[in-house]
Amino acid sequence: WRTRAGGQPPLQAPAGAELWVWFQPTVTDVDKAWKELSNILSGIFCASLNFIDSTNTVTPTASFKPLGLANGTDHHLLRYAVLPREVVCTENLTPWKKLLPCGSKAGLAVLLKAERLFHSSYHSQAVHIRPICRDASCLAVSWELRQTLTVVFDTFSSGQGKKDWSLFKMFSRTLTDACPLASQSKVYVDISPKNKEKELLEVTPPPASVYEAIVQGDKRTYAVYDLLSPSLFNTSRSLNVQLKWKRPQDSSELPTPILHAQRYVSGYGLQTGEISTLIYNTHPYRAFPVILLETVPWYLRLYVHTLTIITKGKENKPSYIHYQPAQDRRQPHLLEMLIQLPASSVTKITIQFERALLKWTEYTPDPNHGFYVSSSVLSALVPSVIAMKDVDVEQSPLFTSLFPSSDGSSYFVRLYTEPLLVNLPTPDFSMPYNVICLTCTVVAVCYGSFYNLLTRTFHVEEPSRGGLAKRLANIIRKFRGVPPL
């Protein structure tokens, strides 16, 4: 399960709340188990995962694969759903931290202060569960729970044009000790210089060790701070890692990744439209395939005959395509394609759709804001210049039938495009109120008048002879010889 919020996500970041699970073949009713699982996770993490139902659930055939020991190939046991409007907040972070061995009392979790995390440009949290072998002989099986939290701080804008940062500036806290239950607790700081001849970075306190690794085809150098080392907290009771530049740095653009994509909606009016997806391959001489997964709600009725894939002005036919049409109010559209991306190319995928008219009870409380369409999912083995480690078949998230190459010349990347916001034909929800007011006014005036005329009785009132005071006055006036009143 993953949720995210913020602006443009980094690599391998989902949009909205994502949940995909592979069930064991012993499960008789997969859909029933899927519904129970989403409700359980909704209660554990205080999330809106209980809104996952058949209208936003699909069964992918190539984009996802069970990891760990459950290396099954039957895609009918796999379920995938996305809630594009769901974002992570404090009520999701609190139960997420409670799953940690030490909670937020010790270790790296001390930095997880909600006020600072949600003030960042981007944040994402995830929970991954898979079966693994407990020992080398794999006689016993255990469940592995892996929690990840991704936060992106814009230190250049918040630091008044400076790239200097520290743990205290970002999280308003420092590290005091390691979690006693942790077998490994380390902090890695990327100190890879762009120009190896001029090292402009200065990290304090000086790291005890340096680690080099290959991350997505690029060689990286990290300063390592081991929280379990007794010498780390000898000089001070807290660890505040700081990174400073020896001279002021301008806001330089980040290097363009080899594989990136974007998606948008075009068209005018509220009847028809078009979804366009642009996939970029910036590698100068290597081509590679990519799997595209599109999940479109049922109220956007796709015209599959309008699907076009254009690369460098020519038609690009997919080598694998799977389409599952939507059913109104029952299931969404599912489109999966395996597309070959030539070197230094931009592939444009377009498909037209028609907007459906919903029932008035199916609109959201803010219908004029629009309806969200979940992100596209791109899965690919991107070529690498540096030799990579061979990926185990059980750990590979892709099926070997579609990606038979598993050598060390490529690395796996899964991208999520931005979600779409589509406007649907929306009725005037203030009209019922106006009708009710007008109807009540007409009924009150007309019906009240007729009712009074039909039920009221009229009597002729004779003039009264006067009261006791008047009669006494007339008697007195008679004795005095004055005319009566």
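Residues numbered from 1 in each chain as written. Predicted model: local features only at pLDDT ≥ 70, side-chain atom pairs only at ≥ 80, totals over all residues. Heavy atoms only, no water.

As recorded by an unreviewed UniProt entry, the protein carries the name GPI transamidase component PIG-T and is attributed to Aptenodytes forsteri.

A.B. asks: Quick rundown of the overall build of the protein? Include the residues and the values.
C.D. replies: Of the regular secondary structure elements, the protein holds 7 helices and 24 strands. Within the span of the protein, comprising 485 residues, buried residues form 38% of the whole. Relative to all contacts within the protein whose residues are 6 or more apart in sequence, the contacts with residues 24 or more apart total 73%. Per element, the accessible surface of the protein, about 28500 Å² overall, is 56% carbon and sulfur. (Helix = DSSP H or I, 4+ residues; strand = E, 2+ residues; numbered from the N terminus. Buried < 20%, exposed > 50% of the residue type's maximum accessible area, 1.4 Å probe, protein only. Contact = heavy atoms within 4.5 Å. Areas by Shrake-Rupley, 256 points an atom, 1.4 Å probe, with all protein chains shown as cover.)

A.B. asks: I'd like a description of the environment of H305, backed by residues and values.
C.D. replies: For H305, the location among the structural elements is in strand 16 (residues 300-311). The spacing of H305 and Q352 is 47 residues in sequence and 8.8 Å in space, taken between C-alpha atoms.

A.B. asks: Outline the side chain of S345, listing residues and values.
C.D. replies: Here S345 is to be found in strand 20 (residues 345-355). Judged by relative accessible area, S345 falls into the buried class, the value being 5%. In this structure the side chain of S345 is engaged in a polar contact, spanning 2.6 Å, whose partner is the backbone oxygen of P342. Excluding anything up to four places from it in sequence, S345 contacts I279, Y280, N281, T311 and K312. (Polar contact = N/O pair within 3.5 Å; in protein donor to acceptor, adjacent residues only side chain to side chain.)

A.B. asks: Tell me about the sheet that holds strand 17 (residues 314-315), and name the residues and values.
C.D. replies: Across a sheet, paired strands are connected by hydrogen bonds in the backbone, their directions being either parallel or antiparallel. The 5 strands lie next to each other as 13-14-20-16-17, forming an open sheet whose pairing is antiparallel. Only two strands of the sheet have a single neighbouring strand rather than two, namely strand 13 (259-266) and strand 17. Strand direction decides the pairing type here: strand 16 and strand 20, joined by 8 bridges, are antiparallel. Each bridged residue has a counterpart across the sheet, and for L302 the counterpart in strand 20 is F353. (Pairing = 2+ DSSP bridges.)

A.B. asks: Describe empty space enclosed by the protein, listing the residues and the values that go with them.
C.D. replies: Per the stated rule, a full pass over the model turns up 2 cavities of 30 Å³ or more. Its volume calculated, the largest cavity comes out at about 80 Å³. The wall of the largest cavity is formed by I275, T277, E294, V296, L302, L307, L335, I349 and I351. Secondary-structure elements contributing two or more residues to the lining of the largest cavity are strand 14 (272-281), strand 15 (288-296), strand 16 and strand 20. Considered class by class, the residues forming the lining of the largest cavity number 7 nonpolar, 1 polar and 1 charged. Here the second largest cavity is characterised by a volume of approximately 40 Å³. If you go around the second largest cavity, the residues you meet are V88, L93, L117, F118, H123, S124, Q125, L149 and V151. Listed by contribution, the elements that provide at least two residues to the lining of the second largest cavity are strand 5 (122-133) and strand 6 (141-152). The leading source of residues in the lining of the second largest cavity is strand 5, at 3 residues. Of the residues assigned to the lining of the second largest cavity, the class counts are 6 nonpolar, 3 polar and no charged. (1 Å grid on protein atoms, 1.4 Å probe; cavity = no way out; pocket = protein on both sides within 12 Å on 5 of 7 lines; lining within 4 Å. Points joined across faces, edges and corners; volume = space filled by probe spheres on them. Nonpolar A, V, L, I, M, F, W, Y, C, P; charged D, E, K, R; others polar.)

A.B. asks: Residue-level account of unusual backbone geometry, with values.
C.D. replies: Each neighbour pair has its own omega, and for T204 with P205 the value is -5°, a cis peptide bond. In this structure, P205 sits in the loop between strand 9 (201-204) and strand 10 (209-215). The backbone phi angle of C46 is positive, close to 55°, even though this residue is not glycine. Take C46: it is sitting in the loop between helix 1 (30-45) and strand 3 (57-58). We note that S172 has phi near 60°; this positive angle belongs to a residue other than glycine. Tracing the chain through its elements places S172 in the loop between helix 5 (167-171) and strand 8 (186-190).

A.B. asks: So what's going on with the pairing of strand 16? Residues and values would help.
C.D. replies: Alignment of strand 16 against strand 17, held across 2 bridges, turns out to be antiparallel. Within strand 17, the position partnered with I310 by the bridge is E315. Two successive antiparallel strands, strand 16 and strand 17, enclose a turn made up of 2 residues, where K312 displays a positive phi of approximately 55°.

A.B. asks: Lay out the sheet that holds strand 10 in plain terms, naming residues and giving numbers.
C.D. replies: Strands sit in the order 8-11-10 across an open sheet of 3 strands; the sheet is antiparallel. One side of each edge strand has no neighbouring strand; the edge strands of this open sheet are strand 8 and strand 10. The mean inter-strand angle of the sheet, taken between neighbouring strand axes irrespective of direction, is 35°. Across 5 bridges, strand 8 lies against strand 11 (residues 218-226) in antiparallel orientation. Opposite V189, over in strand 11, you have A223 as the bridge partner. (Axes fitted to C-alpha atoms, helices over the stretch in contact; angles between N-to-C directions.)

A.B. asks: Residues and numbers for the pairing of strand 15, please.
C.D. replies: Taken across its 9 residues, strand 15 has 8 buried, putting it largely inside the fold. Bridge count between strand 15 and strand 19 (residues 333-341): 9 bridges; the pairing is antiparallel. Residue I291 lies in a different strand from strand 19, and its bridge partner there is L338. Bridging between strand 15 and strand 22 (residues 377-383) involves 4 bridges; their strand directions are antiparallel. In the strand pairing of strand 22, V290 is matched with A380.

A.B. asks: So what about helix 1? Which residues, and what values?
C.D. replies: Over its 16 residues, helix 1 runs 22 Å from end to end, which matches the ideal 22 Å to within 8%, given 1.5 Å per residue. Taken as a whole, helix 1 has its buried residues at V30, A33, W34, S38, L41, S42 and F45. Sitting at the head of helix 1, D29 places a side-chain oxygen 3.4 Å from the backbone nitrogen of D31. Positioned one or two residues after helix 1, C46 has a phi angle of 55°, which is positive. (Expected span 1.5 Å × (residues − 1).)

A.B. asks: Help me get a handle on the side chain of E336, residues and values and all.
C.D. replies: In this fold, E336 is placed in strand 19. R414 is the oppositely charged side chain nearest to the buried, salt-bridge-free E336, at an N-O distance of 8.7 Å. Reaching out from E336, the side chain makes a polar contact with the backbone nitrogen of A62 at a distance of 3.2 Å. A distance of 2.8 Å separates the side chain of E336 from the side chain of S63, its partner in a polar contact. Excluding residues within four positions of it along the chain, E336 makes contact with P60, T61, A62, S63, L292, L293, Y320, I321 and H322. (Lys, Arg positive; Asp, Glu negative; His and termini not counted. Salt bridge = Lys/Arg side-chain N within 4 Å of Asp/Glu carboxyl O.)

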